[in-house]
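Given next are the chains, with one letter for each unit.
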Amino acid sequence: MLQPHKIPNVCFAKFGLRSQINIFFPCFSRDAQVLSLSQDDLAYLYNNAILPAVAHILPDQCAHWPPSYQAAMRLYRDNNSRLHLGSIDIPAEHVSAFGVFLCYKLKDPPRLQKPFFMIQLRGPK
């Protein structure tokens, strides 16, 4: 069995000072090899799962989200091509529905199927 830190994942949400939620893609890992998500995978995740989830669960917030993964990458890169990522809050009462809809949208490609979430709670330094 793979250890969670060896399963390809992406930080999905942050809360508090040092806590986060990651989305894991267990179908991506084969034969105990650690594989990482490509830019195409991240673009698919954003364009085909996250944006539709926003449109369905939070339609009044669509205008606050970049319209595509490529637009987000242009928005968050400085003149030296370094990323300065921003964040958009999902209201707490909608997080569960957002996660369910996101998983529903991740049917293809097969390596992104059956995702799961892990909440990491960390105390003060």
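Notes on the structure follow. (Residues numbered from 1 in each chain as written. Predicted model: local features only at pLDDT ≥ 70, side-chain atom pairs only at ≥ 80, totals over all residues. Heavy atoms only, no water.)

## Considering the packing of aromatic side chains
The relation between two aromatic rings is expressed through the spacing of the ring centres and the mutual angle of the planes.
Inference 1: This model, assessed by the stated rule, comprises two aromatic pairs.
Inference 2: Arranged with centres 5.1 Å apart and planes meeting at 5 degrees, the rings of Phe24 and Phe116 form a pair that is stacked. Placement of the pair is Phe24 in strand β2 (residues 19-24) and Phe116 in strand β3 (residues 116-120), with a sequence separation of 92 residues.
Inference 3: Their ring planes at 45 degrees and their centres at 5.9 Å tell us that Phe101 and Tyr104 sit as a pair that is tilted. Within this pair, Phe101 and its partner Tyr104 are both found in helix α3 (residues 95-105), separated by three residues, close to a single helical turn.
Inference 4: Under the relative-accessibility criterion, Tyr104 is labelled partly exposed at 48%. (Phe/Tyr/Trp six-rings, centres within 6.5 Å; stacked < 30°, edge-to-face > 60°. Helix = DSSP H or I, 4+ residues; strand = E, 2+ residues; numbered from the N terminus. Buried < 20%, exposed > 50% of the residue type's maximum accessible area, 1.4 Å probe, protein only.)

## As for the pattern of salt bridges
Inference 1: A full pass over the atoms with the stated rule returns two salt bridges.
Inference 2: Where Arg111 meets Asp41, a salt bridge forms, and the shortest distance between an N and an O atom there is 2.7 Å. In this pair, Arg111 is assigned in the loop between α3 and β3 and Asp41 in helix α1 (residues 39-57), connecting sequence segments 70 residues apart.
Inference 3: Given the relative accessible area of 4%, Asp41 is considered buried. (Salt bridge = Lys/Arg side-chain N within 4 Å of Asp/Glu carboxyl O.)

## Here we look at unusual backbone geometry
Inference 1: At Ser81, a residue that is not glycine, the phi angle is positive and equals roughly 65 degrees.
Inference 2: Assignment of secondary structure puts Ser81 in the loop between α2 (69-76) and α3.
Inference 3: Residue class for Ser81 comes out partly exposed when judged on its relative accessible area of 48%.
Inference 4: Even without being a glycine, Lys114 presents a positive backbone phi close to 55 degrees.

## Thoughts on the sheet that holds strand β1 (residues 9-15)
Inference 1: Spatially, the three strands line up as an open sheet ordered β1-β2-β3, and their pairing is antiparallel. This sheet does not close on itself; its edge strands, each paired only once, are β1 and β3. This sheet shows a mean twist of 25 degrees between the axes of neighbouring strands, independent of strand direction.
Inference 2: Direction of pairing for β1 relative to β2: antiparallel, over a ladder of six bridges. Residue pairing for β2: Phe15 is matched across the bridge by Ser19.
Inference 3: Together, β1, β2 and β3 form the strand contacts of α3, whose direction differs from that of β3 by roughly 145 degrees. (Pairing = 2+ DSSP bridges. Axes fitted to C-alpha atoms, helices over the stretch in contact; angles between N-to-C directions. Contact = heavy atoms within 4.5 Å.)

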